[in-house]
Amino acid sequence: MVEERRKYVFDFDSTLTRVEALDVLAEMTLQGKSNKEEVIEEIQKITNLGIDGDISFTESLERRIKLLKANKSDLEGLVSELRQKISKSIESNKEFFEKFSDDIYVISCGFKEFIDPIVEEYNIPSDRVYANTFEFDEEGNIVGFDEKNPLSQHNGKIECLKQMNLNGEVQVIGDGYSDYVMREAGIADKFFAYTENVHRDKAANNADHVTPNLDEFLFVNDLPRNISYPKNRIKILLLENVHPAAFDNLSEDGFSVELVKHSLSEEELIEKIKGVHVLGIRSKTQVTKKVLDAANKLLVVGAFCIGTTQIDLENCRKNGVVVFNAPYSNTRSVVELAIGEIIMLMRSIFPRSTEIHNGQWQKTAVGSREVRGKNLGIVGYGNIGKQLSVLAESLGMRVYYYDVDDKLALGNAVKCNTLEDLLNVSDVVTLHIDDNKANKNFIGEREINQMKHGAIFVNLARGFVVDIEALANALKSGKIGGAAIDVYPEEPRSNGEFKTQLQGLDNVILTPHIGGSTEEAQRDIADFVPNKIMDYINSGNTVDAVNFPNIRLPKQRNAHRFLHIHRNVPGVMAKINEVSATYEMNILGQYLSTDNEVGYVITDLDKEYNKDVIKALKKVENTIKFRVLY
């Protein structure tokens, strides 16, 4: 007995296309009319009433056509517009429409005049398109529609599908009331609510399955698709109130994203991380070995900041978890704050401001100095230190720097061979060192005693690199003439009360770790880190990864891509290629990069493959993670 093939019935408007075609036609025909916005709004309102079943479809159609005032000559332009508005995941899965064209139908309450030329490009012929047809007057004006067509009537799709008398399981894919009633009437076997373009509660609540894109529909039915695992199934957890643009960027690419405003404790994160594929954090959340052991699906950690010491990079690598950060995005913000604070401290602006707030008038030049001609000592000559060097020199400061690595001087900056040399010569000392744990109390009592009497001190690096007690004592004694501190050895997880020994001291600027917290910097980070995450998830690229071999390669068309992460021991590549040969896989390209511990290989294949090859590759000894990308 021959098994009857499954049939797929697609809606057109807001399913195959991102828009309602009659709305687009209205935009075109009403161009330049003074009442354009009001009429379009009315048409959209009528459209939604019809889609949700709140008015009869016939009434909806009649009312919209009267408002349109369109002509046959407008339809060519409409088709051109609609070609630009095919749903994103429909467009990327043309292979499905080509391979299963005999089993795909379109049932729409739209019109064949504009549907046929669009779906023809997806291998769906006119005789498998069921839709309304326009009626025109002698001048070609659209004056109505064929009222004998069942699709012009209320619940017309039920009658249409009945008349088609399809054999086999019938699945309906659409966004509205008129689609799910076919399943309710018992003519269709399943209804998939298609929400890529519009989410209608009535349709979603009555669906067998909500499908945010065609990839999800194809995945559920195990059909050929552009990507092996739908993006909506990839869960992303963003903590610590990262910029909303990050949420928008990742959501728009199709991922399921959850945003949490605060950091999580280790215990809370262990519970929350289960089932999460991507974790986004800032500086407070600790990604420990225990967290990573609980992370059964984790692929990527994105640090929406510069530092990564809050992340166990070694265990991330061992678990095949790629880590990205934002090493450059907030550089300018930190530098501008450093410049501003140096000027404020040199001029004793904060004591004068406090006096005025307290009703005192103390006009004096005592303790107020220009920065021009003063010696600035920069400890840490990385991205921030170098840019600060350039800006400070443009203000007329003489710049000295110290770095444990050999760094080339910019402009007229002078390199100091020891930290002591820098501290001895500087009128202002500013810290821009990394978050290496070895830097704990990098500046303590001994280093403070090596500084000039009355020198200014700025820390926009990390809280634990300064001995706060020693700094407080030096400020009280006058050894340090003023300080700006943005970071502290212990910082609260969220906004609230905070205590430090530096509170209440004269000429001390205290800020709550906001060195990189400008709108511009946070927006840049919210673009940079998600782009790195998406590039890895979507194509396997690891360029700029903190803990992983770096690979960049173009996305292949008409190919499959396997990502294999393994321990860097001899013989793994030979075993991977042995599996490829056993299953007669034709390799288009292969890319391998390694570090001391991990190997990362990407293989592109040019034909269909036996699914057993996946099991075989996962079983290769020393495999850490294996993923089929597309």
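Residues numbered from 1 in each chain as written. Predicted model: local features only at pLDDT ≥ 70, side-chain atom pairs only at ≥ 80, totals over all residues. Heavy atoms only, no water.

### Structural notes on the sheet that holds strand β23 (residues 598-605)
Put simply, the test is: One bridge is not enough; two strands pair if DSSP finds at least two bridges between them. Runs of E in the DSSP output that reach at least two residues are strands. Runs of H or I that reach at least four are helices, and both are numbered from the N terminus. The axes used here are C-alpha line fits, helices contributing only the stretch in contact, and every angle between their N-to-C directions lies in the interval 0 to 180 degrees. The contact criterion used throughout is that any non-hydrogen atoms of two residues lie within 4.5 Å.
Reading across the sheet, the four strands line up as β22-β23-β21-β24 and stay open at both edges, with antiparallel pairing between neighbours. Each edge of the sheet is formed by a strand with only one pairing partner; in this case those strands are β22 (587-594) and β24 (623-628). Ignoring which end each strand starts from, the neighbouring axes of this sheet average 10° apart. In this sheet, β23 lies alongside strand β21 (residues 560-567) in antiparallel orientation, the contact comprising eight bridges. Following the sheet pairing, Leu563 is matched in β23 by Ile602. Contacting β21, β22 and β23, helix α24 (residues 572-582) runs over the sheet at an angle of about 165° to β22.

### Side note on the sheet that holds strand β12 (residues 300-303)
The strand order β10-β9-β11-β12-β13 describes an open sheet built from five strands, whose pairing is parallel. Both outer strands of the open sheet, β10 (256-259) and β13 (322-324), are each paired with one neighbouring strand and no more. When strand polarity is set aside, the average angle formed by the axes of neighbouring strands in this sheet is 15°. Two elements, strand β11 (residues 278-281) and β12, share four bridges in a ladder whose sense is parallel. Looking at the pairing, Val278 lines up with Val300 of β12. Running at roughly 165° to β12, helix α23 (residues 519-539) makes contact with β11, β12 and β13 of the sheet.

### Some remarks on the packing of aromatic side chains
The criterion, for reference: Here a pair means two rings of Phe, Tyr or Trp (six-membered ring of Trp) with centres within 6.5 Å. Their orientation is stacked below 30 degrees between planes, edge-to-face above 60, and tilted elsewhere. Buried residues are those whose accessible area, probed at 1.4 Å on protein chains only, stays under 20% of the maximum for their type, while exposed residues exceed 50% and partly exposed ones sit between those limits.
Under the counting rule described, the total for this entry stands at 23 aromatic pairs. Centroid distance Phe548 to Tyr600: 5.8 Å. Interplanar angle 70°. Geometry classified as edge-to-face. Remark: Tyr600 occurs in strand β23 and Phe548 occurs in the loop between α23 and β21; sequence separation between them is 52 residues. Looking at Tyr600, the relative accessible area reads 0%, which means it is buried.

### Topic: the packing of helix α13 (residues 244-252) against α23
For clarity, the threshold we go by: An angle below 35 degrees is treated as roughly parallel, one above 145 as roughly antiparallel, one from 65 to 115 as roughly perpendicular, and anything else as oblique. Put simply, a crossing is left-handed when the front helix is turned counterclockwise from the back one by less than a right angle, and right-handed when it is turned clockwise. Ten residues, namely Ala, Val, Leu, Ile, Met, Phe, Trp, Tyr, Cys and Pro, are considered nonpolar, four, namely Asp, Glu, Lys and Arg, are considered charged, and the remaining ones, Gly among them, are considered polar.
Where α13 contacts α23, the two axes come as close as 8 Å, and the packing angle between them is 30°. With respect to each other, α13 and α23 are oriented roughly parallel. Considering how the two elements wind past one another, α13 and α23 form a crossing that is right-handed. Here Ala245, Ala246, Asn249 and Leu250 of α13 come into contact with α23, specifically with Arg523, Ala526, Asp527, Pro530, Ile533 and Met534. Tallied by class, the residues present in the contact of α13 with α23 amount to seven nonpolar, one polar and two charged.

### Focus: the nonpolar core
Generally speaking, a soluble globular protein has its nonpolar side chains buried in company with each other. Spelled out, the test is: In plain words, nonpolar cores are sets of buried Ala, Val, Leu, Ile, Met, Phe, Trp, Tyr and Cys residues tied together by side-chain atoms within 4.5 Å.
If you look at the biggest cluster of nonpolar residues, it comprises 49 residues, and the most contacted ones within it are Phe10, Phe96, Phe97, Phe114 and Phe217. If you tally residues by element for this core, the top one is helix α2 (residues 21-29), at five residues. Contact partners of Phe96, with chain neighbours within four places excluded, come to Tyr8, Phe10, Ile104, Leu214, Phe217, Leu218, Leu223 and Pro224. Counting 36 residues, the second-largest nonpolar core is a separate cluster that includes Leu238, Leu299, Val300 and Ile624.

### A closer look at the environment of Ala545
Note on placement: Ala545 falls in the loop between α23 and β21. With relative accessibility at 12%, the residue Ala545 sits in the buried group. Linking Ala545 and Val613, residues 68 residues apart in sequence, is a C-alpha distance of 28 Å. Other than its neighbours up to four places away in sequence, Ala545 contacts Val322, Val323, Phe324 and Asn550.

### Side note on the pairing of strand β2 (residues 104-111)
Extensive coverage of β2 is indicated by the burial of eight of its eight residues. Residues Ile104, Val106, Ser108 and Gly110 of β2 are buried on one face, and the alternating residues Tyr105, Ile107, Cys109 and Phe111, pointing to the opposite face, are buried as well.

### A short note on a nonpolar patch on the surface
As a reminder of what qualifies: Exposure above 30% relative accessible area and no salt bridge define the residues that can form patches, which grow by joining like charges within 9 Å and nonpolar side chains of Val, Leu, Ile, Met, Phe, Trp and Tyr within 5 Å. To be clear on the numbers: accessible area is Shrake-Rupley with a 1.4 Å probe, and residue cover counts the displayed protein chains and nothing else. Any Lys or Arg side-chain nitrogen found within 4 Å of a carboxyl oxygen on Asp or Glu counts as a salt bridge.
Together, Met344, Ile349 and Phe350 make up a nonpolar patch on the protein surface, roughly 230 Å² of accessible area in all. Among the structural elements, Met344 can be located in helix α17 (residues 331-346). A residue is classified by how much of its surface remains accessible, and Met344, at 34% relative accessible area, is partly exposed.

### Focus on unusual backbone geometry
Even without a glycine there, the phi angle at Asn165 is positive, about 55°. Looking at the secondary structure, you find Asn165 in the loop between α9 (156-164) and β6 (170-174). By relative accessible area, Asn165 is classed as exposed at 59%. Residue Ser348 is not a glycine yet carries a positive backbone phi of 55°. One can find Ser348 in the loop between α17 and α18 (349-357).

### A word on the pattern of salt bridges
Considering all chains together, one arrives at 34 salt bridges under this definition. Among the salt bridges present, the one from Arg183 reaches Asp208, with a minimum N-O distance of 2.7 Å. Of the two residues, Arg183 is situated in helix α10 (residues 177-184) and Asp208 in the loop between α11 (201-205) and β8 (209-211); the sequence distance between them amounts to 25 residues. Relative accessible area serves as the criterion here: at 41%, Asp208 is assigned to the partly exposed category. Across the salt bridge formed by Arg332 and Glu336, the nearest N and O atoms sit 2.9 Å from each other. With Arg332 and Glu336 both in helix α17, this residue pair falls four residues apart, about one helical turn. Overall, the relative accessible area of 46% leaves Glu336 in the partly exposed class.

### Structural notes on the pairing of strand β15 (residues 398-402)
The element β15 is extensively covered by neighbouring structure, given that four of its five residues are classed as buried. Taken together, the five bridges between strand β14 (residues 375-379) and β15 define a ladder with parallel strand orientation. Directly across from Ile378, in β15, lies its bridge partner Tyr401. Bridge count between β15 and strand β16 (residues 414-415): two bridges; the pairing is parallel. For Tyr401, the partnering residue across the bridge sits in β16 and is Lys415.

### Thoughts on α13
Threshold: Directions from the helix axis toward the C-beta atoms define the arc.
Residues Ala245, Ala246, Asn249 and Leu250 constitute the buried set of α13. When α13 is viewed along its axis, its buried side chains cluster within an angular range of 125° and face the same direction. Residue Gly254 follows α13 closely and has a positive phi angle near 105°.

### Considering the side chain of Thr623
Where we set the bar: Here a polar contact is recorded for every N or O atom pair within 3.5 Å, except that within protein the pair must consist of a potential hydrogen donor and a potential acceptor, and residues adjacent in sequence are included only if both atoms are side-chain atoms.
With respect to the helices, strands and loops of the structure, Thr623 is situated in strand β24. Overall, Thr623 belongs to the buried group, its relative accessible area being 18%. Within the structure, the side chain of Thr623 is placed 2.9 Å from the side chain of His564, a separation counted as a polar contact. Residues within four places of Thr623 in sequence aside, it is in contact with His564, Ile565, His566, Arg567, Leu617 and Lys618.

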